[in-house]
Amino acid sequence: MVSIKTEKDIEAMRPACHHAADTLVMIEPYIKAGITTDDINDLVHEFTIKAGGTPAPLNYHGFPKSVCTSVNHVVCHGIPANKKLNDGDIVNVDVTTIMNGWHGDTSKTISVGAPKIKAEKVVETARKALQLGIAQVRPGATLGDIGHAIQNYVEGERMSVVREYCGHGIGRVFHEDPQVLHYGKPDTGMTLKKGMVFTIEPMINMGKPDLKILSDKWTAVTEDSSLSAQFEHTLCVTDSGVEVMTRLEGRTPF
């Protein structure tokens, strides 16, 4: 069952969403060659706790860290570790903050130093795919409209959309209905209604869409070792369109 949020609920969610967005703004200047993903984790954890929040990933179904850091061919759920980032790497930093019992969820793929041509291409494709998905959101549209807009663009760029993971409803619960697929057909699936709150978070592979899970049972990597990138926002359906709850005007433009 899809939870329809009231105006009061949405207002209560905003601090968590804004803090998650603030966290990405805070962390980006630190993403340089030589930093470890453990360092990123520590910075995110401290920033969240100081603000009175809780990092939702920590101990979620046993996840051991406060943020997901997915480097290069890692699709999602990369576990921070004592591994240094190098010039030319790309890293997705996936942040979810809990404040006053509500969740805010966002992620961004960040280039380390000067991006290589292929890395820049997959990152920009993922960024635009998210924007195109968000542009479909309004009352009366369908989840299939979102998925189709993303899939049609990405495949036109000769890249692929990961099928195993999708966007999701969010609120007091980290992951709830509906599931928001990043592929599909127009005019199919659930019809969007005012008060629905969910994420759109397409994971885009430079090569084929296939992935595998590593022995840690979390880290998903591309099966063909191609690069992968992702961007994510939490949003709500309004009277006439969409509010991107994890976007800070002039600061998080993606």
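Our structure's up above, just so we're on the same page.
What you see is a predicted model, and the numbers here were worked out from it, not measured in a lab. (Residues numbered from 1 in each chain as written. Predicted model: local features only at pLDDT ≥ 70, side-chain atom pairs only at ≥ 80, totals over all residues. Heavy atoms only, no water.)

Caption draft 1: Spotlight on the pairing of strand β8 (residues 176-180). Here three bridges tie strand β7 (residues 167-169) to β8, and the two strands are oriented antiparallel to one another. Bridge pairing in β8 places G169 opposite E176. (Pairing = 2+ DSSP bridges. Helix = DSSP H or I, 4+ residues; strand = E, 2+ residues; numbered from the N terminus.)

Caption draft 2: Up close: the sheet that holds strand β3 (residues 74-76). Spatially, three strands are ordered β3-β12-β11 in an open sheet, and the strand pairing comes out antiparallel. At either end of the open sheet lies a strand with only one pairing partner, and these are β3 and β11 (211-213). For this sheet, the mean angle separating the axes of adjacent strands, direction not counted, is 40 degrees. As defined by bridge partners, β11 adjoins strand β12 (residues 220-222) across three bridges and the pair is classed as antiparallel. When the sheet's bridge partners are listed, L211 is paired in β12 with T222. (Axes fitted to C-alpha atoms, helices over the stretch in contact; angles between N-to-C directions.)

Caption draft 3: Quick look at the side chain of T69. Its place among the elements puts T69 in strand β2 (residues 68-71). Once you skip the residues sitting within four places of it in the chain, T69 turns out to touch T37, I40, G78, I79, P80, V91 and N92. (Contact = heavy atoms within 4.5 Å.)

Function cannot be read off these values alone, since they describe shape.
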